[in-house]
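# Geometric and topological summary
Chain by chain, the residues:
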Amino acid sequence: MPSATLLGQALISGVLAGGMYGLLALGLSLSWGLLRLVNLSHFALAFLAAYLTYELGTTYHVAPWWSAMVVVPAMFLIGLAQHWLFDRFKVNELASLLITFSFAVVLEVGIQLYWTADYRRFETHYSALSIKVGAFYIPVLELVLCLVAGVLAWGTWLWLRRTYVGKALRAAAEDAEIAAAYGIDHRKLAYLLSGMGAAYAGVAGTFIALIATLAPAQIWAWLGVVFAVVIIGRLGNPLGALLAGMLIGASESLAMAVFAPAWAPVVSFSVLIVILLWDPEWL
Amino acid sequence: MAVSVTRDVPKGIAVAAVLALAFLPAARLPAFYESFLYLIFFWVSLSTSWALLSGFAGYFSLGHAAFFGVGVYTTAALTTKFEVPFLATVPMGAAMAALLAAGIGAVVFRLRRLRGELFALLTLAVTFVIATIVLNTPIDGGAGVFMSAVPLPELMSTQTATIYILGFAMCVLTVVTAWWVAHARLGMGLFAIHDDEDVAEAKGVPTFRYKIAAFALSAAIAGAVGSIHAMYVGFVTVAGTFELTVPLYVVLMSVLGGSRHWAGPAVGATVITALLYAFISGGEAILGRAIVGLILIVAILWLPDGIIPSAIAWLKKRRPAPVAVAPAAEIVPVAPARPVALSERTLVEIKGVTKRFGGLQALNGVDLTVREGEILGLVGPNGSGKTTLINVISGFYPLTSGTISVDGAEVGRAPAHQIARRGVARTYQIPRPFTNMTVLENVSLCATFGGPPRSRAEIRDEALHWIGFTGLSGKEDVLPAGLNLHERKFLELARALAARPKLLLLDEVLSGLNPHEVDNAIQLVRAIRAQGATIVFVEHLMRAVVELSDRVAVLNEGKLFALGAPREVMRDPRVVSIYLGKSYAA
């Protein structure tokens, strides 16, 4: 059994790493839960944003927070364009999964053709910064990521709960026809939500550029665990997505410390299977 | 026997193609061709096997890599660690995969309201768990398994030819299996599950067993394909085996070709594999992936049903069917006048039946007997439990307490399909036909699963008889979407009657019909009784209740409130008061 310090450090790193799961899960959870569209290209969009941030940062020396001002709105527009396709063809859940998978493959190829399949790393002077609290180290970038993810999740949650637009969206998700009969223009709202989902992928991409090593095939690396997070956090619930992300991050990290690193994937999927069998209405 | 161009020519081409491919190694082509064709066989087998459950019954699995991977690693482990001969490991790979699928199915198919995405994600999650277990145990251990030392049986002159012929045999076996399932009882049941699982169960399809059977069969084929593929790749790794692209390609190929048709996945797999290969050999492997991706987007948007079903629909449109000779008969056979002698035998005995939904007591201790041959009207205000009673008798809801026996056999806790086979048939208030089946197929299915075992021809005759009986002649090949409400209600009746029920439960067959159609329906119900069925019907239309019923049972707040001859019961002040309020009862 590892020491208490090691376990504590594993827990902190896990929760912070889980912030990334949560941030990626946020956009997916919104479009799946409220629009009934499963967007596999979410990951490809995040990586496209990451590569753009990398490109702007390394070639033009633009700081990532300035890049984000361009990249995030660009992702928003891509989200709108994607939704136009879904709306035009009245795509259902399953078809959306297949189409966005194909779209992700196309984006992956595009990234590979432009940036090659080599590993890319965006080095900054703050990438290795960390704060020492007692016996534990807290990496600054991950902490900022968690704060941003927290603000976005909390803000989105309040927006869905408290504002007219948010309530209209939730009503349209439950029954679009009835909502339309009460004067809710759910199609316009759906565009807004799709754009937001893609913009969140842009935010995630900014942090991916700073934290992770980039390679086109990495697009698929987080797919499984983030989907598990989306479901565990309950579809369409932004706060749930973030909390589930941190929960899974922490349990993976603990599993790595206690057993072996390679056992980590079992954790999230076992949690998922148990939850779904225990309560099939969870989804 | 005359040679039919549409039937025999494709058959001839198919036989010739199979023979040519089987003897291809004799031509001693460069190994490149054999290995390219092997890949096509590989994807055809995988996608066709996937469609057995996911295409036919509509439960999309994203876990096909798990079953395939179990086959790969069964062979890898048994041949390298235990020196089992390779060919002997193929059935073992199939068996292990089938066992895994049956295990997953036994758990998840028990969930009521298992949503499609839930199934897709559960199977995907299982894939990741199995991959991790294989990676961390001595089965693989993370280093991968070399298969090069494993002796390959000398079926053919070269190694590639041997693998080619194994892959080819597997492919033929898979497609033949898919054809057989599609034309057998199993496939009929799976198609019905695809359209409306609750109705399929109520019509006598053992849905739980069928889903598990299809899942196990689908996994077994994937497992066997995996076993052979282990020898093809030579070096087996977890990352390469449990790849996410396996389930996604399988789904895309099947959907592109048409996953509800036995030949659809084979077509889709051939097209995509050939395209990918063309780009790889042209040195544009990466670009090829993107182009395949774009083609799929276009195909899914414009051909949502897939290539084969779209082609069939197009051919049908080009050659319109001959105009139906017999106009739809509106008048049903004349029924003998009442009264039919009622027997004193009890057909249905309901004792102390209660049904609770959470805090809501829908049925609260109902006792009721139905005599053989009678028409019993079931009335009561909204929410009094009429439809719930129909639902518990037909087994849609399990009882909370009490007993129900039909013809002496206790059915209160039996699954709905067994109750259907004991001679209980029902209709739905809002018609629920199988939307992708024609009128004839809808009725034939109910005759097949509800009625006594008969030959195909007899079932067809029976179905045609009831279609004519309900005045739907001429509409045999129409899909339910092409019927109006009146006709759909009569299709409900035809489906129920084709099962030759002892007890017929009718749930508001008259609601939504105009007065003329109501007259028609009343005549029809009489005619049905004249055939010897016992009828329990829920109805709000008092004219019909009084005209048709031998006895009327009034339900109120989940309890039997009154029972007796129609006119007396409907005049009872207590009955009037529950319908119209106390002031009218005086």
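Preceding this paragraph is the structure being described.
Because the structure is a prediction, the values reported are computed rather than measured. (Residues numbered from 1 in each chain as written. Chains lettered and ligands numbered in written order. Predicted model: local features only at pLDDT ≥ 70, side-chain atom pairs only at ≥ 80, totals over all residues. Heavy atoms only, no water.)

### Looking at the overall build of chain B
Helices and strands together make up the secondary structure of chain B, namely 23 helices and twelve strands. Contacts in chain B between residues at least 24 apart in sequence constitute 74% of all its contacts with a sequence separation of at least 6. With the model as given, the accessible surface of chain B reaches about 25200 Å², and the carbon-plus-sulfur share is 64%. Separation between the mean location of the 48 positive side-chain charges and that of the 40 negative ones in chain B comes to 2 Å. (Helix = DSSP H or I, 4+ residues; strand = E, 2+ residues; numbered from the N terminus. Contact = heavy atoms within 4.5 Å. Areas by Shrake-Rupley, 256 points an atom, 1.4 Å probe, with all protein chains shown as cover. Lys, Arg positive; Asp, Glu negative; His and termini not counted. Charge placed at Lys NZ, Arg CZ, Asp CG, Glu CD.)

### Re the overall build of chain A
Assigned secondary structure in chain A consists of eleven helices and two strands. The order of α-helices and β-strands along chain A, N terminus first, is α-α-α-α-β-β-α-α-α-α-α-α-α. Its C-alpha atoms give chain A a radius of gyration of 19 Å, near enough to 19 Å, the size a compact globule of 283 residues would have. Based on the C-alpha atoms only, the size of chain A along its principal axes is roughly 60 × 50 × 30 Å. Summed over its atoms, the accessible surface of chain A is roughly 12300 Å², and 69% of this surface lies on carbon and sulfur atoms. The distance from the centre of the 13 positive side-chain charges to the centre of the 14 negative ones in chain A is 8 Å. (Rg over C-alpha atoms; globule rule 2.2 N^0.38 Å.)

### Section: helix 1 (residues 4-35) of chain A
Between its first and last C-alpha, helix 1 of chain A extends 44 Å over 32 residues, near the 46 Å set by a 1.5 Å rise per residue. Helix geometry: helix 1 of chain A is bent most strongly at Ala-25 of chain A, by close to 30°. (Expected span 1.5 Å × (residues − 1). Bend = angle between axes of the 7 residues up to and from the residue.)

### Considerations on the interface of chain A and chain B
Every contact between the two is made by 38 residues of chain A and, on the other side, 34 residues of chain B. Counting each side, the surface lost to burial between chain A and chain B is near 3300 Å², with a carbon and sulfur contribution of 84%. On the surface where chain A and chain B come into contact, there are zero residue pairs in polar contact (both at pLDDT 80 or more). Within the residue set of the side of chain A that touches chain B, elements represented by two or more residues are helix 4 (93-115), helix 9 (223-232) and helix 11 (264-278) of chain A. When residues of the side of chain A that touches chain B are assigned to their parent elements, the largest contribution, 15 residues, is made by helix 4 of chain A. (Buried area = accessible area lost by both parts, 1.4 Å probe. Polar contact = N/O pair within 3.5 Å; in protein donor to acceptor, adjacent residues only side chain to side chain.)

### Considering the side chain of Ser-54 of chain B
Residues and elements named next belong to chain B. Checked against the element boundaries, Ser-54 lands in the loop between helix 2 (31-53) and helix 3 (64-81). A polar side-chain atom of Ser-54 sits 2.8 Å from the main-chain carbonyl oxygen of Tyr-59. A polar contact is formed between the side chain of Ser-54 and the backbone nitrogen of Ser-61, at a distance of 3.2 Å. Those residues in contact with Ser-54 that lie beyond four places of it in its chain are Tyr-59, Phe-60 and Ser-61.

### Points about a nonpolar patch on the surface
A cluster of nonpolar side chains, contributed by Trp-65, Trp-66, Met-69 and Val-70 of chain A, occupies part of the molecular surface with about 530 Å² of accessible area. By relative accessible area, Val-70 of chain A is classed as exposed at 54%. (Patch = residues over 30% accessible without salt bridge, like charges linked within 9 Å, V, L, I, M, F, W, Y side chains within 5 Å. Salt bridge = Lys/Arg side-chain N within 4 Å of Asp/Glu carboxyl O. Buried < 20%, exposed > 50% of the residue type's maximum accessible area, 1.4 Å probe, protein only.)

### Side note on the pattern of salt bridges
Following the criterion strictly, the structure yields 21 salt bridges over all chains and no others. The shortest N-O distance in the salt bridge between Asp-185 of chain A and Lys-188 of chain A comes to 3.9 Å. Given a relative accessible area of 61%, Lys-188 of chain A falls into the exposed group. Its salt-bridge partner being Asp-407 of chain B, residue Lys-502 of chain B comes within 3.0 Å of it at the nearest N-O pair. One end of the pair, Lys-502 of chain B, is in the loop between helix 19 (485-498) and strand 9 (503-507); the other, Asp-407 of chain B, is in the loop between strand 6 (401-406) and strand 7 (409-410), with 95 residues separating them in the sequence. One continuous salt-bridge network, built from bridges that share partners, spans Arg-345, Glu-372, Asp-407 and Lys-502 of chain B.

### A few points about the sheet that holds strand 9 of chain B
Residues and elements named next belong to chain B. Strand order in the open sheet formed by six strands is 8-9-10-5-11-12, and the pairing between neighbours is mixed. Looking along the sheet, the strands with just one partner apiece sit at the ends: strand 8 (424-426) and strand 12 (559-564). Looking at each pair of strands side by side, their axes are set apart by 20° on average, direction ignored. As paired strands, strand 9 and strand 10 (residues 534-538) are joined by five bridges and run parallel to one another. Residue pairing across strands places Asp-507 opposite Val-538, the latter belonging to strand 10. Helix 20 (residues 515-530) contacts strand 5 (375-379), strand 9 and strand 10 of the sheet and is inclined by roughly 150° relative to strand 10. (Pairing = 2+ DSSP bridges. Axes fitted to C-alpha atoms, helices over the stretch in contact; angles between N-to-C directions.)

### Section: the sheet that holds strand 7 of chain B
Residues and elements named next belong to chain B. Sheet architecture is open: four strands sit in the order 4-3-6-7, paired in antiparallel fashion. Among the strands making up the open sheet, the edge pair consists of strand 4 (360-371) and strand 7. Strand direction decides the pairing type here: strand 3 (residues 346-357) and strand 4, joined by nine bridges, are antiparallel. Bridge assignment links Ile-350 to a residue of strand 4, and that residue is Leu-368. In the packing of helix 15 (residues 386-393) onto the sheet, contacts are made with strand 3, strand 4 and strand 6, and the angle to strand 3 comes to roughly 115°.

### Here we look at the environment of Phe-32 of chain B
All names here are of chain B. Assignment of secondary structure puts Phe-32 in helix 2. According to the relative accessible area criterion, Phe-32 is partly exposed, its value standing at 41%. In the structure, Phe-32 is positioned 128 residues away from Thr-160 in sequence and 9.0 Å away in space, judged by C-alpha atoms.

### Notes on the environment of Leu-239 of chain A
Residue and element names in this part refer to chain A. With respect to the helices, strands and loops of the structure, Leu-239 is situated in helix 10 (residues 238-258). Taking the C-alpha atoms as reference points, Leu-239 and Thr-213, 26 residues apart in sequence, are found 27 Å from one another. Discounting chain neighbours no more than four positions away, the residues touching Leu-239 are Ala-153, Trp-154 and Trp-157.

### A closer look at unusual backbone geometry
One non-glycine residue with positive phi stands out, namely Arg-36 of chain A, at about 60°. Tracing the backbone through its elements, the reader meets Arg-36 of chain A in the loop between helix 1 and helix 2 (41-59). The residue Glu-83 of chain B is not glycine, and still its phi comes out positive at about 55°. Assessed through its relative accessible area of 68%, Glu-83 of chain B is described here as exposed.

### Re the nonpolar core
By size, the foremost hydrophobic cluster in this structure holds 213 residues, and its most contacted members are Val-226 and Phe-227 of chain A together with Leu-46, Tyr-73 and Leu-190 of chain B. Not counting the four nearest positions on each side in its chain, Leu-46 of chain B is found in contact with His-64, Phe-68, Ala-222, Val-225, Val-246 and Val-250 of chain B. Residues Phe-490, Leu-513, Val-525 and Val-554 of chain B belong to the second largest nonpolar core, which totals 47 residues. (Core = buried A, V, L, I, M, F, W, Y, C linked by side-chain atoms within 4.5 Å.)

### So, the packing of aromatic side chains
Residue and element names in this part refer to chain B. All chains considered together, the criterion is met by 35 aromatic pairs over all chains. Ring geometry for Phe-67 and Phe-215: centres 5.4 Å apart, planes at 90°, overall edge-to-face. A residue pair is termed long-range when its members are at least 10 positions apart, and Phe-67 in helix 3 and Phe-215 in helix 9 (residues 207-233) qualify at 148 residues. Accessibility classification places Phe-67 together with Phe-215 in one group, the buried group. Among the aromatic residues, those joined into a ring-pair cluster are Tyr-38, Phe-42, Trp-43, Phe-68, Tyr-232 and Tyr-249. Directly above the ring of Tyr-428 sits Arg-426, whose terminal nitrogen or CZ lies 4.1 Å from the centroid. (Phe/Tyr/Trp six-rings, centres within 6.5 Å; stacked < 30°, edge-to-face > 60°. Lys NZ or Arg CZ within 6 Å of the ring centre and 35° of its normal.)

### Concerning the packing of helix 1 of chain A against helix 9 of chain A
All names here are of chain A. Between helix 1 and helix 9, the least distance of the axes is 9 Å, while the angle of their chain directions is 60°. One way to sum up the angle between helix 1 and helix 9 is to call them oblique. Seen from above, helix 1 lies across helix 9 with right-handed handedness. Of the residues in helix 9, those in contact with Tyr-21, Leu-24, Ala-25, Leu-28, Ser-29 and Trp-32 of helix 1 are Val-225, Val-226, Phe-227, Val-229, Val-230 and Ile-231. Considering only residue class, the contact of helix 1 with helix 9 consists of eleven nonpolar, one polar and no charged. (Parallel < 35°, antiparallel > 145°, perpendicular 65-115°, else oblique. Left-handed = near helix turned anticlockwise from the far one by under 90°. Nonpolar A, V, L, I, M, F, W, Y, C, P; charged D, E, K, R; others polar.)

### Quick word on the pairing of strand 6 of chain B
As paired elements, strand 3 of chain B and strand 6 of chain B share five bridges and run antiparallel to each other. Its bridge partner being in strand 6 of chain B, Val-348 of chain B is matched across the sheet by Val-406 of chain B.

### With respect to the packing of helix 11 (residues 245-257) of chain B against helix 12 (residues 264-281) of chain B
Residues and elements named next belong to chain B. Axis separation between helix 11 and helix 12 bottoms out at 6 Å; the angle between their running directions is 115°. The crossing of helix 11 and helix 12 is right-handed. The residues of helix 12 that touch helix 11, namely those facing Tyr-249, Leu-252, Met-253, Ser-254, Leu-256 and Gly-257, are Gly-264, Pro-265, Gly-268, Ala-269, Val-271, Ile-272, Thr-273 and Leu-276. Its residues placed into classes, the contact of helix 11 with helix 12 shows nine nonpolar, five polar and no charged.

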